[in-house]
Amino acid sequence: MTDKPIRVAVAGAKGRMGREVVKLLVQESDFAFVVGIDARLDGVDVGTTIGLGELGVPFVRDLERALDVYKPDVLVDFTTPAAVRRHVEVALDRGVRPVVGTTGLSEAEVEELARRAQMRGVGGVIAPNFAIGAVLMMKFAQMAAKYLPHVEIIELHHDQKLDAPSGTALKTAEGIQRVRAEFRQGHPDETELLEGARGAYVGGFRIHSVRLPGLVAHQEVLFGGEGQLLTIRHDALSRSCFMPGVALAIRRVMTLDRLVYGLEHLLD
Ligand SMILES: NC(=O)C1=CN([C@@H]2O[C@H](COP(=O)(O)OP(=O)(O)OC[C@H]3O[C@@H](n4cnc5c(N)ncnc54)[C@H](OP(=O)(O)O)[C@@H]3O)[C@@H](O)[C@H]2O)C=CC1
Ligand SMILES: O=C(O)C1=N[C@H](C(=O)O)C[C@H](O)C1
């Protein structure tokens, strides 16, 4: 007996990440791409819109209708910080498992969504970064912070990004805060001559956000100690680097009975 393919809906299918996800879904035989969600392209074929040729898979304007009519097992979401929370709620309430790459959810919102998933008995994955290299960068940064607690994060992204700091930078900071006793770095009398010069303050250290055309997604975590510096850096040079993580999440979410935050929870 062959297993049935996993039915997948994609919110944000015509965006930079959504397009890559659609390519992934049509390449892998254990996935069936059933519907795209887009407010402005109701009824239009997703494939022709994103240059993949006719796929026979429509865009549907309304998320509720898309889930009710096409009955996906999984909703992949790469949309915007403004849309993502409601999308996850709608999916969970219908028993559809969310796999979310969209950033901008606060820790409190993630906790609230995890409670909702538990109440409904539905699995889900929220991962601010699906690239294995970025997951390792966050892990290495957490290891280093225990021994080198003076740290600054610099994240660099393309200039169309809506949220700052990035979800990856915030998750890196959360991990560091778990192992670093809180203290305020730098000189106590330090003054910003230009507002924002020292970046965003989180638990005693700083996150700096750079936005430029030409960049994709990059992050450095810098540690300083007496007579030494350690830099941990990850560069996403192409959005294809996120796809193995997305594929893993779609497959693994089918067996989860809770919502997990971070790809690391799906790795050995
Ligand atoms: N977790 C990870 O590994 C990664 C996460 N990201 C995150 O993914 C998100 C998307 O990034 P990216 O693809 O670059 O962004 P894009 O702006 O290229 O794509 C977002 C898409 O979502 C659509 N959209 C907006 N609102 C809705 C809605 N309510 N319903 C359905 N579709 C909607 C947009 O349509 P329109 O333009 O018409 O509004 C657009 O097509 C960001 O939050 C980003 O930080 C990005 C890369 C990796
Ligand atoms: O918007 C992006 O591009 C990215 N967003 C995610 C984030 O905010 O961390 C992941 C990656 O950095 C690319």
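Being a predicted model, the structure only gives us computed values, none of them experimental.

Parameters and conventions
Residues numbered from 1 in each chain as written. Chains lettered and ligands numbered in written order. Predicted model: local features only at pLDDT ≥ 70, side-chain atom pairs only at ≥ 80, totals over all residues. Core = buried A, V, L, I, M, F, W, Y, C linked by C-beta atoms within 7 Å. Buried ≥ 20, exposed ≤ 12 C-beta atoms within 10 Å, placed from the backbone. Helix = DSSP H or I, 4+ residues; strand = E, 2+ residues; numbered from the N terminus. Domains from an automatic or database assignment. Contact = placed C-beta atoms within 7 Å. Axes fitted to C-alpha atoms, helices over the stretch in contact; angles between N-to-C directions. Parallel < 35°, antiparallel > 145°, perpendicular 65-115°, else oblique. Left-handed = near helix turned anticlockwise from the far one by under 90°. Nonpolar A, V, L, I, M, F, W, Y, C, P; charged D, E, K, R; others polar. Near = placed C-beta within 6 Å. Expected span 1.5 Å × (residues − 1). UniProt positions renumbered as here; feature names shortened; annotations may be inferred. Pairing = 2+ DSSP bridges. Right-handed = clockwise from strand over helix to strand, strands pointing away.

Thoughts on the nonpolar core
- Formed by 71 residues in total, the largest nonpolar core has its most connected members in Val8, Ala9, Val76, Val246 and Ile250.
- Looking at this core element by element, the count peaks at six residues for helix H6 (residues 132–147).
- When residues are assigned to domains, this core turns out to be shared by domain 1 (6–126 + 240–266) and domain 2 (132–237), each giving three or more.
- Apart from residues no more than four positions distant in its own chain, Val8 is found in contact with Leu25, Phe31, Ala32, Phe33, Val34, Pro72, Val74, Val76 and Ile250.

Observations regarding the packing of H6 against helix H7 (residues 167–179)
- Where H6 meets H7, the axes come as close as 8 Å, and the angle between the chain directions of the two elements is 30 degrees. The angle between the axes of H6 and H7 places the two elements in the roughly parallel class. Of the two elements, H6 crosses H7, and the hand of that crossing is right-handed. Residues Ala134, Met138, Ala141, Gln142, Ala145 and Lys146 of H6 pack against Thr168, Lys171, Thr172, Gly175, Ile176, Arg178 and Val179 of H7.
- The class makeup of the residues in the contact of H6 with H7 is six nonpolar, four polar and three charged.

Notes on the site of ligand 1
- Taken together, 25 residues form the shell around ligand 1, and within it Gly12, Gly15, Met17, Ala83 and Gly101 come nearest.
- Residue contributions to the shell around ligand 1 peak at three residues, all from helix H1 (residues 16–27).
- Here the residues of the shell around ligand 1 are counted per class, giving 10 nonpolar, 11 polar and four charged.

Observations regarding H7
- In this model H7 runs 19 Å from its N-terminal to its C-terminal C-alpha over 13 residues, within 8% of the 18 Å that 1.5 Å per residue would give.
- All of the buried residues in H7 are Thr168, Ala169, Leu170, Lys171, Thr172, Ala173 and Ile176.
- Lining the buried residues of H7 we find H6, strand S7 (150–157), strand S8 (200–202), strand S9 (205–211) and strand S10 (217–225).

A look at the UniProt feature "active site" (unreviewed entry) in the protein
- UniProt records the feature "active site" (unreviewed entry) at His157 and Lys161, using the numbering of this structure.
- On the secondary structure map, His157 appears in strand S7.
- Judged by C-beta crowding, with 22 C-beta atoms within 10 Å, His157 ranks as buried.
- The contacts of His157, once residues within four sequence positions are left out, are Ser166, Arg211, Leu215 and Ala217.
- Position of Lys161 among the secondary structure elements: in the loop between S7 and H7.
- Residue class for Lys161 comes out partly exposed when judged on the 15 C-beta atoms lying within 10 Å of it.

Overview of H1
- For H1, built from 12 residues, the straight-helix expectation of 16 Å at 1.5 Å per residue is met to within 8% by its first-to-last C-alpha distance of 18 Å.
- Listing the buried residues of H1 in full gives Met17, Gly18, Arg19, Val21, Val22, Leu24 and Leu25.
- Considering only its buried residues, H1 is in contact with strand S1 (6–11), strand S2 (31–37), helix H2 (46–49), strand S4 (74–77) and helix H8 (243–253).

Considering the UniProt feature "domain: Dihydrodipicolinate reductase C-terminal" (unreviewed entry) in the protein
- What UniProt calls "domain: Dihydrodipicolinate reductase C-terminal" (unreviewed entry) maps, in this numbering, to residues 133–267.
- Overall, residues 133–267 shows 29% helix and 29% strand. The separation of its end C-alpha atoms is 12 Å.

Quick notes on unusual backbone geometry
- A cis amide bond, omega -5 degrees, links Ala164 with the succeeding residue Pro165.
- Position of Pro165 relative to the elements: it lies in the loop between S7 and H7.
- With phi around 45 degrees, Lys71 is a residue other than glycine that occupies positive phi space.
- Tracing the backbone through its elements, the reader meets Lys71 in the loop between helix H3 (63–70) and S4.

Looking at the pairing of S2
- Among the seven residues of S2, six are classified as buried, and the element is accordingly described as predominantly covered.
- In this sheet, S2 lies alongside S1 in parallel orientation, the contact comprising six bridges. Within S2, the position partnered with Ala9 by the bridge is Val35.
- Each parallel crossover has a hand, and for S1 linked through H1 to S2 it is right-handed.
- Pairing between S2 and strand S3 (residues 59–60): two bridges, direction parallel. Across the sheet, the residue bridging to Gly36 is Phe59, located in S3.

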